[in-house]
Amino acid sequence: MNQVRENFERALVEVDALPPISNVFQKIIKITNDEGGSREELIHCVTLDQGIASKVLQLINSAYYGISQRVSSLEVAVGLLGDKQIRDIAIICASSGLLRSDIRGYGIPADQFWHHSVTTAFAGRLIAAKFRPEMREAAFTAGLLHDIGKLVIDRLIEEDHREIFWPLAGEMAPGYHSKEIDLYGFDHCTVGFFLARKWNFPEDLTAAISFHHYPDFDVAHKDFVRVISFADTVAHLMAMGMDEPGMVSSLAEEGTIPFEFTLRDIEEIFSGLKVEIGNSQAFLGVS
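In this text the structure is predicted, and so the values were computed from the model without any measurement.

Points about the overall build of the protein
Next, step 1: On a plain count of helices and strands, the protein comes out with 16 helices and zero strands.
Next, step 2: The buried share of the protein, reckoned over its 287 residues, is 48%.
Next, step 3: Counted over contacts in the protein with a minimum sequence separation of 6, partners at least 24 positions apart contribute 68%.
Next, step 4: Summed over its atoms, the accessible surface of the protein is roughly 13,400 Å², and 50% of this surface lies on carbon and sulfur atoms.

Observations regarding the nonpolar core
Next, step 1: Formed by 82 residues in total, the largest nonpolar core has its most connected members in Val56, Ile127, Leu145 and Phe201.
Next, step 2: For Ile127, the residues in contact, after removing those within four places along its chain, are Val227, Phe230, Ala231, Val234, Phe259, Phe261 and Ile269.

Here's the deal with the pattern of salt bridges
Next, step 1: Counted according to the given criterion, the structure contains 15 salt bridges.
Next, step 2: Ionic pairing is found between Arg125 and Glu137, a salt bridge with its closest N-O pair at 3.0 Å. Of this pair, Arg125 sits in helix H7 (residues 110-131) while Glu137 sits in helix H8 (residues 136-145), and the two are twelve residues apart along the sequence. The two residues Arg125 and Glu137 agree in class, both being buried.
Next, step 3: For Lys150, the salt bridge goes to Asp147, with nearest N and O atoms at 3.2 Å.

Considerations on the packing of helix H2 (residues 23-33) against helix H6 (residues 83-99)
To characterise two packed helices, one gives the angle between the axes of the helices and the distance between these axes.
Next, step 1: One can describe the packing of H2 onto H6 by two numbers: an axis separation of 10 Å at closest approach and a directional angle of 145°. Two packed elements cross with a definite hand, and for H2 against H6 that hand is left-handed. In contact with Phe25, Ile28, Ile29 and Thr32 of H2, H6 contributes Arg87, Ala90, Ile91, Ala94 and Ser95.
Next, step 2: Within the contact of H2 with H6, the residues separate by chemical class into six nonpolar, two polar and one charged.

What to know about a nonpolar patch on the surface
Next, step 1: Taken together, the side chains of Ile67, Val76 and Leu80 define a hydrophobic patch exposed on the protein surface, amounting to about 230 Å² of accessible area.
Next, step 2: Mapped onto the secondary structure, Leu80 falls in helix H5 (residues 74-81).

Side note on H8
Next, step 1: With respect to burial, H8 is a largely interior element, nine of its ten residues being buried.
Next, step 2: Every buried residue of H8 is listed here: Glu137, Ala138, Ala139, Phe140, Thr141, Ala142, Gly143, Leu144 and Leu145.
Next, step 3: The inward-facing, buried residues of H8 abut H2, H6, H7, helix H13 (203-211) and helix H14 (222-239).

Brief notes about the packing of aromatic side chains
Next, step 1: The final tally for this structure, using the stated rule, is ten aromatic pairs.
Next, step 2: For the ring pair Tyr106 and Tyr176, a centre distance of 5.2 Å and an interplane angle of 85° mean the geometry is edge-to-face. Taken together, the residues span a long stretch of sequence, with Tyr106 in the loop between H6 and H7 and Tyr176 in helix H11 (residues 176-184) at a distance of 70 residues.
Next, step 3: Given the relative accessible area of 0%, Tyr106 is considered buried.
Next, step 4: Under the relative-accessibility criterion, Tyr176 is labelled buried at 3%.
Next, step 5: Ring geometry for Trp199 and Phe201: centres 5.9 Å apart, planes at 50°, overall tilted.
Next, step 6: Look at Trp199 and you get buried, because its relative accessible area is 3%.
Next, step 7: Judged by its relative accessible area of 8%, Phe201 falls in the buried class.
Next, step 8: Counting every residue linked through ring pairs, the aromatic cluster contains Phe8, Tyr184, Phe186, Phe193 and Phe194.
Next, step 9: The residue whose ring lies beneath Lys150 is Tyr106, and the NZ or CZ to ring-centre distance is 5.9 Å.

Thresholds, definitions, all that
- Residues numbered from 1 in each chain as written.
- Predicted model: local features only at pLDDT ≥ 70, side-chain atom pairs only at ≥ 80, totals over all residues.
- Heavy atoms only, no water.
- Helix = DSSP H or I, 4+ residues; strand = E, 2+ residues; numbered from the N terminus.
- Buried < 20%, exposed > 50% of the residue type's maximum accessible area, 1.4 Å probe, protein only.
- Contact = heavy atoms within 4.5 Å.
- Areas by Shrake-Rupley, 256 points an atom, 1.4 Å probe, with all protein chains shown as cover.
- Core = buried A, V, L, I, M, F, W, Y, C linked by side-chain atoms within 4.5 Å.
- Salt bridge = Lys/Arg side-chain N within 4 Å of Asp/Glu carboxyl O.
- Axes fitted to C-alpha atoms, helices over the stretch in contact; angles between N-to-C directions.
- Left-handed = near helix turned anticlockwise from the far one by under 90°.
- Nonpolar A, V, L, I, M, F, W, Y, C, P; charged D, E, K, R; others polar.
- Patch = residues over 30% accessible without salt bridge, like charges linked within 9 Å, V, L, I, M, F, W, Y side chains within 5 Å.
- Phe/Tyr/Trp six-rings, centres within 6.5 Å; stacked < 30°, edge-to-face > 60°.
- Lys NZ or Arg CZ within 6 Å of the ring centre and 35° of its normal.

Next up, the structure:
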């Protein structure tokens, strides 16, 4: 018990050591999670972050869109791209500094961690659209940030423990959280809770980060947690190339899928996810 306490105290020190999240990021999360968030608020947020603003203008002037006359106005760019596209660019760009990180203790390179986060975000929105449409944008944000606790646990992993974590990176359903509990007495979900509280995340987002590996727990925002848990599974299936509807329908028969989705629902989720990831590769450098 003393060792668990010592490990946990070390984790909390690392939580405090992470820099505060930007006010722009906080504002973007609020706007994107709020169905009533206005275009004017979003444009204002985008103008406050030079990196996001330049990405929006770079995108609208790229060959991907083929617009003949150069666009230099953010308002025009937002009008041409649409609110949904701008929301995606804003929240992804605002989080890229946090999530484009090597987590060496786990043996996960930055691009792999980033890709899983983005894939889970898109999967979360597609799943929510079928299950609880009002959760769509919040599910996108939660999918993107669900694994932030790993950024802290990574700092605890000693070199002689890496051989425990590294082989998991190639598995379809890597059991990182169970290995974390074995070694430290808590997992990245627990640490994620403290990070979410530090950064004043909304309650539903905090719940998804804290319980995405425990979808059967009777907690607040349980339906939302279930959406993100399943989105995490879908993202791992995609990474392993195991996205055939037959494979996923067999998971449904085993009770792994926490919704009464039809095979057609599953097909639409995976086909939609491939499109979203393809688009993100085209303009956000997600590979």
